[in-house]
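The chain contents come next:
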Amino acid sequence: THTHTHTQRCTLALSHTHNDNIYHSPHTLRSFSYHARSLFAPSCPEMFFLSLVSGGWSPKVTDRQPWLQLDLRDRMEVTAVATQGRYGSSDWVSGYLLLFSDTGLAWKQYRQEDGVGRFVGNVNADGVVHHKFSHSIRSRFLRFVPLDWNPSGWVGLRVEVYGCVYKSYVADFDGRSSLLYRFNQKSMSTVKDVISLRFKSHQAEGVLLHGEGQRGDYITLELHRGRLALYLNLGKFVTPGSGRVAVTLGSLLDDQHWHSVLIERFNKQVNLTVDTHTQHFRTKGEGDSLEVDYEGNVTFSCSQPQLVSTTFLSSSSSFLSLAATPSASGGFMVRFQFRTWNPDGLLLSTQLSLEPQRLELQISNSRLRLTHHTSAQQKEEVSTGHRVNDGLWHSVSLSSRSLQLVWQMFCYVNILLLCVPLGCPSLSPADPGCENPTLAFQGCMRLISINSQPMDLNQVQQGRLGNYKELQFDTCGIHDRCLPNFCEHGGQCSQSWNTFYCDCSGTGYTGATCHNSIYEASCEAYRLTGSSSGYFSIDPDGSGPLGATQVYCNMTEDKVWTVVTHNSTDPVRVQGSTLQKPYIMKFNYSASPEQLMALVAGSEQCQQEVVYSCRKSRLFNTWDGSPLSWWVDQGGERRTYWGGFLPGVQQCSCSLEENCMDMNYFCNCDADTDSWANDTGVLSYKEHLPVSEIVIGDTNRTGSEALYRIGPLRCYGDKSVWNAASFYQESSYLHFPTLQAELSADISFYFKTSVPSGVFLEDLGLKDFIRVELSSPSVVTFSFDVGNGGVVLAVKSHVPLNDRQWHYVRAERNVKEASLQVDQLPLRFLEALSDGHLRLRLNSQLFVGGTAARQRGFMGCIRTLNINGMTFNLEERAKMTPGVSAGCPGHCSGSSSLCHNRGRCIEKNSGYVCDCSQSAYGGPSCKEEVSVSFDRESSVTYTFQEPFSVMQNRSSQASRVYRESTRARENMAFSFMTTQSPAMLLTVSTFSQQYIAVILALNGSLQIWYRLHVYRKPDVFSPSPSSLADGRLHRIRIHRQGKDVYLQIDQDIHRKYTLSSDAELILIRSLTLGKVIGENFDEEVMQAGSKGFIGCLSSVQFNHVAPLKAALLNRGSSLVSVRGHLVESNCGVLADSTTSHPLSGVVTAVVFITLCVVAVMTRFLYQHRQAQRDASIKEKEHRHNLETAYRREAAYQAEPAYRAESAYRTELHLHDSATLRDNREYYI
């Protein structure tokens, strides 16, 4: 460990290979030397040209892995480097790695702030490229390793290093020694502490410092499994070691390189910093000061000799072959240490003398497995170890006395192959040791010995020993990709050598980094997806920091009400309270205060009923008007107005309605009578809601009492859904603060326009940018640059998008991937490479509807703009911006939902129509259930006319930094009612023998089967053991994204499952409802398929397909095959009509129904006959429209040439309305 102090500005030039054009300070430190190496000619590995004549360094063209090494003669603090090509040549380096070392033996790769190891070099021989380090290097040796160079020339390099002299005091520890520091006083008590040190070690365990106090205070800093753990307690008589909780930080700290530690404490607040990572926490204990009066031993060691490692870079092509001299016993012994993140990989393989016997040592499922192949068909295996892919060093020793190595006459005898790749090295034409394992080892090795002879890897590097491919010598290139943790919302990070993964289980979020909420943002959003009343989890801020909360969504009225309950909804009687000792009740809601605030802010209106009855209990003092009782709002403010009245006025609803029992008072309770009075009302000023506390202070007199009940919070409307702005000048835009989206950003909105192109939004940095635009009438593009070069995703629609109809856009970018979704078109998806810049650095304003240059601006309407869970108020900003107006003209631009259940509202000159072609529902507003009764032999099969991939949408513009991929996704929803089990509900099959099946098992429980790989067992999920074959209607929703499957049964069961694979369905063939025969399914699925389904299926949706509706309305189509007897039913409608609000009591329901029956019977009988006639006419028109729609849809699928023309000739119902005209309507 050591400490050090800066004594000068650290920007001096420390070395240079040639000073013609790289300038440096006159104070340049001249004590340096160069060392360069060729791996081609082992007899003379240092034949390089560093003289003035050559103009820089250039290795031989035949060199395999050239590098340039600088020895600064002493440890320096390096803050920057500069490179230049070789003078007067076509040789330069365009990309390189930078390694550093204290000894020149063990090296570490320098990584920039985002973990990027690659440095951008030169583009010509004369230009100078500077790189200033985000964190300095304190080292003696530097090594430049070229990665890329001029393809028309060769490697050429001149370098300069900038920094200053570094002085420090160093103490070595051998694991048994300790350094004791004694304070001047017997005891020292501190409120503020700052402890800093630097350390390096090759061991993963050891105590760095420790101190204790007699009252129980202690501080311990130690290495544990390569991470730094801090134990700190400010307590009284707490026994150290009992129940201690450590704060851990850092990773792979046993790499023999220096690491910085800083501990800052003020009272109980502590900052722990290791290198560039900081963690804030609050320490345990009862006190605020640290009292230390004696010290313990230090068992930290770092004085062992340097251990040289080798990195196997590739899991497909890295290998190392080494010579082995036979031992006296005729057997062999191999020892080595390894570390890796990969759960699988071949460590060692060798052919034995008794052909065809072979020995393999590999990592399999995170364990070590030794396999002895005795013949081509027989083998013996043994496994040991646990989680050997944890990134720590593990030692392996393998020996045998009875097995003989085979002699191979190629340069060396007894070739032992370590880490055999997929393609074998060319050792000999008839090499019997060549195998093709599925995955080679990717990681680090060191201390390799064969038959007790250490292997000198320097000899291998120089070509004097063995053979190799894709290795990096003298360094272990392991990198912890989970530090920092890029998994959001509490996602658990795991990793392989090349990338990291996020486990989002139990978080309520999904996506590559657990960024996206799996729940809708409001009850209004659930209604738009076709849901009915029930309990739902909503996430008011989407991908923002707030989690989801459960609410009740009442969808029985025209308005969708969100109901949030609390802990005291029953009536409460209060007696014996005074103003000095009042009765206080605090309400704990099912949502957090932050969630409630977001819910209220996003709603159009909120209200809360306050039932208050009193007897000789006043609300206000009759002498001076001071309040005797009050309630507290969501912000903690005291409120003295009561239900039904306006804020700021100490009155009740009876005063507003002028019906108080005593007109001398503003509240009935203030009359102070012996009889019961009532001041019940509804609080509706939403900025003050919900009620967080009630205080009652006048129930202490004889006969005095109060009775109150605070109802649940009820809100309706979603302000964001129709928050819109109209742009009618190309140079106009709305501006907002800079987008905060360094690591992740999701952007979603709707637009409609008639212009061919325009920028929806843009934000800029010095070099970085992010932009979403309509680049042509049928193409939406999402482009950005985080420092790796521009990335462009484009989604092309088969119909124009400038058709004056609303279209949905969602763009997302995070450190692992980028995606773009437009309407129901397939998702465009690009996966980022593992090593690249991560942070999107922006500094300009966010421009919406235009650009900073006032060019290519968007003309049309944008609504519901949401970025990272935050809704942008376009209307408010539009009111003060020239060229932009609030709202959007048109019939489909209002807050009332005209089309339901994925139905699409389409503007017409004299009204609007609802396009229900993407919905499983029908009717003029896409609200009518489409239900069919099945018998045992019935089935409906929807055939996809051509091989269809759910996620097929390839890019022709993939960036070199982002690798294009597909994301498997399925969305299924349906309702069913049956008493049969087992039963087959739904199957989806592919041409590649994959399938999805949803069945009822023999006990009536629901089972979901996913078979995504032919040669693997299927994934089977059974969410609930209870039987669903109970004669009741059940609603099922299944959503898959990659490996994650989300399931909802009715409104009360929500489950998440993880598949064994994220494979997509390849070439979907058909979807079948009911009986299935002749398929290659698993036995239990086939048993259910043979039984068929007896009951009612309703509103079936698979992605964009509604097979049940297609069967009813398009029986003649080749797309739909119907077997058995099908009868159109109304089971879905009947079930919905029997649904009641669970918060209402049975008695209330009976009374209400009794009163209503009498009231409506006369009107019902009067209108019944006319209604029947109207319904008959509408049903015939509806049937005709649906039949026409599906005929057109079939023609659309059968005739690609006419797809664009007929794309919107679907299930449409014209709604007449007065034509809306506007002087700016031309672009909408």
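Residues numbered from 1 in each chain as written. Predicted model: local features only at pLDDT ≥ 70, side-chain atom pairs only at ≥ 80, totals over all residues. Heavy atoms only, no water.

So, about the overall build of the protein. Within the protein, the regular secondary structure consists of 10 helices and 83 strands. Expressed as a percentage of the 1228 residues in the protein, the buried residues total 55%. Once local pairs closer than 6 in sequence are excluded, the contacts in the protein between residues at least 24 apart make up 70%. Working note: accessible area of the protein is about 54,900 Å², and carbon and sulfur atoms make up 51% of it. (Helix = DSSP H or I, 4+ residues; strand = E, 2+ residues; numbered from the N terminus. Buried < 20%, exposed > 50% of the residue type's maximum accessible area, 1.4 Å probe, protein only. Contact = heavy atoms within 4.5 Å. Areas by Shrake-Rupley, 256 points an atom, 1.4 Å probe, with all protein chains shown as cover.)

Attention now moves to the environment of alanine 818. One can find alanine 818 in strand E60 (residues 817–822). The class for alanine 818 is buried, based on a relative accessible area of 0%. When the C-alpha positions of alanine 818 and valine 791 are compared, they lie 9.1 Å apart, and in sequence the two are 27 residues distant.

With 49 residues, the main nonpolar core has Leu1006 and Tyr1010 as its most contacted residues. The leading source of residues in this core is helix H7 (residues 1107–1113), at 5 residues. Counting 42 residues, the second-largest nonpolar core is a separate cluster that includes Ala725, Val786, Val822 and Phe858. (Core = buried A, V, L, I, M, F, W, Y, C linked by side-chain atoms within 4.5 Å.)

With the rule as written, the count across this model stands at 36 salt bridges. Arginine 709 is the salt-bridge partner of glutamate 609, the closest N and O atoms lying 3.2 Å from each other. Remark: arginine 709 occurs in strand E50 (residues 705–710) and glutamate 609 occurs in strand E44 (residues 605–615); sequence separation between them is 100 residues. Glutamate 609 sits in the partly exposed class, given a relative accessible area of 34%. (Salt bridge = Lys/Arg side-chain N within 4 Å of Asp/Glu carboxyl O.)

Quick look at the sheet that holds strand E57 (residues 779–785) now. As summarised here, the arrangement of the 6 strands in space is E53-E62-E55-E56-E57-E58, forming an open sheet in which the pairing is antiparallel. Edge positions in the sheet fall to strand E53 (734–736) and strand E58 (791–796), since each has one partner strand and no second. This sheet shows a mean twist of 15° between the axes of neighbouring strands, independent of strand direction. Where E53 and strand E62 (residues 846–848) come together, 3 bridges link them in antiparallel fashion. (Pairing = 2+ DSSP bridges. Axes fitted to C-alpha atoms, helices over the stretch in contact; angles between N-to-C directions.)

Turning our eyes to something else, we now look at the packing of aromatic side chains. Taken as a whole and assessed by the stated rule, the structure comprises 32 aromatic pairs. Their ring planes at 40° and their centres at 5.3 Å tell us that phenylalanine 782 and phenylalanine 784 sit as a pair that is tilted. Here phenylalanine 782 and phenylalanine 784 have matching classes, each one buried. Here the aromatic cluster, defined as three or more aromatic residues joined through ring pairs, consists of Tyr96, Tyr110, Phe119, Phe133 and Phe144. Lying over the aromatic face of tyrosine 750, arginine 863 brings its terminal NZ or CZ to 4.1 Å of the ring centre. (Phe/Tyr/Trp six-rings, centres within 6.5 Å; stacked < 30°, edge-to-face > 60°. Lys NZ or Arg CZ within 6 Å of the ring centre and 35° of its normal.)

Let us now look at the UniProt feature "domain: EGF-like" (unreviewed entry) in the protein. The feature "domain: EGF-like" (unreviewed entry), as annotated in UniProt, sits at residues 478–515 and 889–927 in this numbering. Taken end to end, residues 478–515 has its terminal C-alpha atoms 27 Å apart, with 0% of it in helix and 26% in strand. (UniProt positions renumbered as here; feature names shortened; annotations may be inferred.)

So, on to the sheet that holds strand E71 (residues 969–978). Paired through backbone hydrogen bonds, the strands of a sheet run either parallel or antiparallel to each other. Taken in spatial order, the 7 strands make up an open sheet running E78-E77-E76-E71-E80-E68-E82, and their pairing is antiparallel. Of all strands in the sheet, those bounded by a partner on one side alone are strand E78 (1053–1058) and strand E82 (1126–1129). Neighbour-to-neighbour, the strand axes of the sheet open up by a mean angle of 25°, direction not taken into account. Both strand E68 (residues 931–934) and E82 contribute to a ladder of 4 bridges, which runs antiparallel. Across the sheet, the residue bridging to serine 933 is valine 1127, located in E82.

With that settled, consider unusual backbone geometry. Residue proline 690 follows leucine 689 across a cis peptide bond; omega there is 5°. You can see proline 690 is positioned in the loop between strand E48 (681–683) and strand E49 (693–696). With an omega dihedral of -5°, the bond running from serine 981 to proline 982 counts as a cis peptide bond. Positive phi, normally seen in glycine, also occurs at histidine 489, with a value near 55°. With respect to the secondary-structure elements, histidine 489 resides in the loop between strand E34 (471–473) and strand E35 (492–495). Look at histidine 489 and you get partly exposed, because its relative accessible area is 23%.

To continue, consider the pairing of strand E56 (residues 769–776). For E56, a buried count of 6 out of 8 residues is recorded, marking the element as mostly surrounded by other parts of the structure. Counted along the chain from strand E55 (residues 758–764) to the antiparallel partner E56, the turn is 4 residues long. Pairing analysis gives 7 bridges linking E56 to E57, with the strands arranged antiparallel. Paired with glutamate 773 across the bridge in E57 is threonine 781. The antiparallel pairing of E56 with E57 creates a hairpin that spans 2 residues between the two strands.

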